[in-house]
Amino acid sequence: MKIFLDTANLESIRKFNDMGLLDGITTNPSLMSKEGGNPKDAMKEITKIIKGDVSLEVVSTEYSGMMEEGKRLREYGNNVVVKVPMTPDGLKACKSLSSEGIPVNVTLIFSSNQALLAAKSGAKYISPFIGRLDDIGQDGMSLIKEIKEIFSHYDFGTQILVASIRHPLHVIDAAKIGADVVTLPPAVLDKMLEHPLTKIGLDNFLADWSKLTSGNADIKI
Ligand code: G3P
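Since we're looking at a predicted model, the values are computed, not measured.

A. Broad picture of the layout of surface pockets. Empty space within the largest pocket amounts to approximately 340 Å³. What lines the largest pocket is a set of 23 residues, among which Asp6, Asn28, Leu31, Arg132 and Pro185 lie closest to the centre. Partitioned by chemical class, the residues of the lining of the largest pocket number 7 nonpolar, 10 polar and 6 charged. Lining of the second largest pocket is provided by 14 residues; of these, Met43, Glu57, Val59, Leu73 and Tyr76 occupy positions nearest its centre. Sorting the residues of the lining of the second largest pocket by element identifies α2 (29-35), α3 (39-49) and α4 (63-74) as the ones contributing at least two each.

Laid out in structure tokens, this is it:
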């Protein structure tokens, strides 16, 4: 399963990329807005830091605007994936951009039928938002299971990118289902790194080492 970071925060992107954890990045206008500054500069910088796919989202809602923006975004880097919303114009843009060799991520997917149609339009990725379904009392992860089952019968070549992830258990469940990609907020990736027994174990190792070597400043590894 690939891990993408769901953020436009350059510091977090560099931090986790330096650990070798990131296969890609997803952004959206809300994440760009959270960081402030010039979004164009940030988007260009992200495509330079990350070798893998970087999803950058259009803000036009009609076909021709999406096509123009999609092509401009793609000029930021050849790892750019154009993110379009799950609307009729979005699917039309998905089909056209994909036919021109520009990969597309169809976002704001909330049903298996939407996932099926986005795959038919040629999407490289579909992004079901599981946390937002959980928020309204539906089971987001069931949607991933259902999409996975549907896609297993066909050869769309479309990857399931699980988005709107809220906690580490979502990641384990997505991995058990065999989702292609999870996109994680930095805080979730931080939580996945930690375990209280790891910290206790390390503290004990260091205390024992210091007992062993106390008074012997010459002993160095
Ligand atoms: O990638 C989509 C994601 O950013 C949406 O997450 O937490 O705003 O539902 P959230």
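B. Region of interest: the nonpolar core. Grouped together as the largest cluster of nonpolar side chains are 55 residues, with contacts concentrated most on Val106, Ile126 and Val162. Take this core: its biggest share by element is 5 residues, from helix α8 (residues 140-152). Other than its neighbours up to four places away in sequence, Val162 contacts Pro128, Ile130, Ile144, Ala174, Ala179, Val181, Val182 and Thr183. Judged by nonpolar contacts, the second largest core, of 7 residues, contains Phe4, Val81, Phe129 and Ala163.

C. Main features of the pairing of strand β7 (residues 159-162). Here β7 shows no split at all, with Gln159 and Leu161 on one side and Ile160 and Val162 on the other all buried. Pairing of strand β6 (residues 125-128) with β7, which is carried by 2 bridges, proceeds in the parallel orientation. Paired with Ile126 across the bridge in β7 is Ile160. Bridge count for β7 against strand β8 (residues 181-184) is 2 bridges, and the pairing is parallel. Each residue of the ladder has a partner; that of Leu161, found in β8, is Val181. In this view, the connection linking β7 to its parallel neighbour β8 by way of helix α9 (residues 168-177) has right-handed handedness.

D. Representation of the site of the ligand in the model. In the vicinity of the ligand, the contacting residues are Asp6, Asn28, Phe129, Arg132, Ala163, Ser164 and Arg166. The contact in question runs from an oxygen atom of the ligand to an N or O atom on the side chain of Asp6, over 2.5 Å. In a pocket analysis with a 2 Å cut-off to the grid points, the ligand is assigned to the largest pocket. Residue composition of the shell around the ligand, grouped by class: 2 nonpolar, 2 polar and 3 charged.

E. Just the pattern of salt bridges, in detail. Summed over the entire model, instances satisfying the criterion amount to 8 salt bridges. A salt bridge links Glu45 to Arg14, with the shortest nitrogen-to-oxygen separation between them at 3.0 Å. Residue Glu45 is located in helix α3, and its partner Arg14 is located in helix α1 (residues 10-18); the two are separated by 31 residues in the primary sequence. Close ionic contact of Lys124 with Asp53 constitutes a salt bridge, the shortest N to O distance being 2.8 Å. Of this pair, Lys124 sits in the loop between α6 (112-120) and β6 while Asp53 sits in strand β3 (residues 53-57), placing them 71 residues apart in sequence. On the accessibility criterion, Asp53 (16% relative accessible area) is buried.

Rules behind the numbers
Residues numbered from 1 in each chain as written. Predicted model: local features only at pLDDT ≥ 70, side-chain atom pairs only at ≥ 80, totals over all residues. Heavy atoms only, no water. 1 Å grid on protein atoms, 1.4 Å probe; cavity = no way out; pocket = protein on both sides within 12 Å on 5 of 7 lines; lining within 4 Å. Points joined across faces, edges and corners; volume = space filled by probe spheres on them. Nonpolar A, V, L, I, M, F, W, Y, C, P; charged D, E, K, R; others polar. Helix = DSSP H or I, 4+ residues; strand = E, 2+ residues; numbered from the N terminus. Core = buried A, V, L, I, M, F, W, Y, C linked by side-chain atoms within 4.5 Å. Buried < 20%, exposed > 50% of the residue type's maximum accessible area, 1.4 Å probe, protein only. Contact = heavy atoms within 4.5 Å. Pairing = 2+ DSSP bridges. Right-handed = clockwise from strand over helix to strand, strands pointing away. Near = heavy atom within 4 Å. Polar contact = N/O pair within 3.5 Å; in protein donor to acceptor, adjacent residues only side chain to side chain. Sits in = over half its atoms within 2 Å of the grid points. Salt bridge = Lys/Arg side-chain N within 4 Å of Asp/Glu carboxyl O.

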